[in-house]
Amino acid sequence: MPRLTIDGRPVEVKEGATILEAAGLLGITIPRFCHHPALPPAGSCRMCVVEIEGSPKLATSCSTPAAEGMKVSTSSPAVKAARRDVLEFLLLNHPLDCPICDQAGECSLQDYYMEHSCAKSRFPAELKEPRQKRRLIGPHLVLDNERCVLCTRCVRFCDEVTRTSELFVSGRSDASFIDIREGKALDNGYSLNLADICPVGALTSREFRFRQRAWFLEKTPVTCLGCATGCRAEAHHAGGEIYRMVPAPGAENAWLCDRGRLTYRPLRAGDRLKKGFIKNGYIDLEPAVREAAARLAGEPGAAVLGSPWLSVEDNAALAALARALGTGNYCFSFTAESGIKDGILVNKDPAPNTAGAAEAAPTGGLDLGELNRRIAAGEIKALITEARAAAFIKGRLPDGFKLIVFATNRSEIPAGAYATLPYASYFETPGTFVNYQGRRGVTGPVVPPPEGVPPLAETAAALAAALKGDGA
Ligand code: SF4
Ligand code: SF4
């Protein structure tokens, strides 16, 4: 456990910790471009240099281990001068894009210039070397080489995290630039992490570009419901609209996959359901609920199928609906192979709540095999569930079968559905989910639902009340 002093303050650190980490323990933030806590160190940008007593040269704090008895200065005149020089060098050919750059407001170069330099450029603007701008390098990313500070975070991410190595530094010296290998596209399933880790606006997200300024965004913690891993994330939103998702600060998942990051997109999609949908036409929610209740009450073999895509609370509401129906035909038990399938984050189980769906279920009930057998045998003639869970029903639905589903978007409605009821997504209403390791997370609400679209539990309760009314 080495003990050292940084800016005159003592600190004790774990063996192998760097000076930059030791400074962090004291609340001293050393500026850095190439260092990222979840990537191997590069020690290349020189922005994090510090002065160590007795050492002839400044040292990069991100790659120098803290050692017993070290006396470190993070703000000596030599350190300050070195930082100014690094910033002057990085800004030589940097474009004056800040007013239109999406990184403005969260750009390390902009912030460090204000904090550590504020010097006027000695380099004539007309000698600036132009670089390629606005290059599409994958389905989600735009590369602007003029803004790049060659920190290589993006290269190391593709080499070390996804191990797909699409990016590399091309050229030498001041002609160096980030390039993509011939014939490759940056489409490794985790590419949007590069827009987060790029410290400047050189890599920006096509989904976020020019849509919202960083300083208008509110941040709300959420659980990603894209699969059973249940990554901890933060939804950035303004004016009732979500603009992006990023990993939650301090979360064990340093990254999010691209699919998980974009799970908010259906919220404002053109096919978002704001009314009920029966056969081929929209209908107000109230008559849609009455019609669904009539179809369920009218079938002696009506069934309720929970869903691993729904929260614990909404599965409980479906369980209460099964009780109101007085049916023994219900199923809330799901099994799925789970575990990380790509060595990074994505789970084999695509549903976020396989573990939690059964929690609120009544004891007894059917397993999926028996439910399918009874449907095929014509013993069950109507069933209510959530749209994606309808895929658990195997084979063609028997003629006249009344499938009633809850869905957020029209594209989710399964073939053969008789009636669809809209519900508020978990960005719009709170819900508890249990991930594949048994970790519970409560997510939402982040933004309000479309007018007139209630949480699923509310509509399920209205259905149960309508059923009881029918039976009275
Ligand atoms: S594109 Fe961004 S992350 Fe990649 S080297 Fe340039 S500044 Fe660094
Ligand atoms: S791995 Fe799963 S939980 Fe994590 S971000 Fe991707 S979809 Fe979401």
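Residues numbered from 1 in each chain as written. Chains lettered and ligands numbered in written order. Predicted model: local features only at pLDDT ≥ 70, side-chain atom pairs only at ≥ 80, totals over all residues. Heavy atoms only, no water.

Draft legend 1. Representation of the domain arrangement of the protein chain in the model. Parsing the protein chain into structural domains produces domain 1 (3-87), domain 2 (124-212) and domain 3 (276-471). Taking only C-alpha atoms, the centre of domain 2 and the centre of domain 3 are 43 Å apart. (Domains from an automatic or database assignment.)

Draft legend 2. View of the environment of Gln212. Within the element layout of this structure, Gln212 appears in the loop between β10 (203-205) and β11 (218-223). The buried category is assigned to Gln212, whose relative accessible area is 17%. Not counting the four nearest positions on each side in its chain, Gln212 is found in contact with Leu217, Ala238 and Tyr243. A polar contact is formed between the side chain of Gln212 and the side chain of Tyr243, at a distance of 3.4 Å. (Helix = DSSP H or I, 4+ residues; strand = E, 2+ residues; numbered from the N terminus. Buried < 20%, exposed > 50% of the residue type's maximum accessible area, 1.4 Å probe, protein only. Contact = heavy atoms within 4.5 Å. Polar contact = N/O pair within 3.5 Å; in protein donor to acceptor, adjacent residues only side chain to side chain.)

Draft legend 3. Looking closely at the pairing of strand β9 (residues 177-180). Note that strand β8 (residues 167-170) and β9 share 4 bridges and pair antiparallel. What sits directly across from Val169, in β9, is Ile178. Taking the residues that link successive antiparallel strands as the turn, the β8-β9 hairpin has 6 residues, and the phi of Gly171 there is positive, at about 80°. (Pairing = 2+ DSSP bridges.)

Draft legend 4. Local environment of the site of ligand 2. Residues in contact with ligand 2, as listed here, are Cys224, Gly226, Cys227, Gly230, Cys231, Leu256, Cys257, Gly260, Leu345 and Val346. Split by residue class, the shell around ligand 2 holds 7 nonpolar, 3 polar and no charged. (Near = heavy atom within 4 Å. Nonpolar A, V, L, I, M, F, W, Y, C, P; charged D, E, K, R; others polar.)

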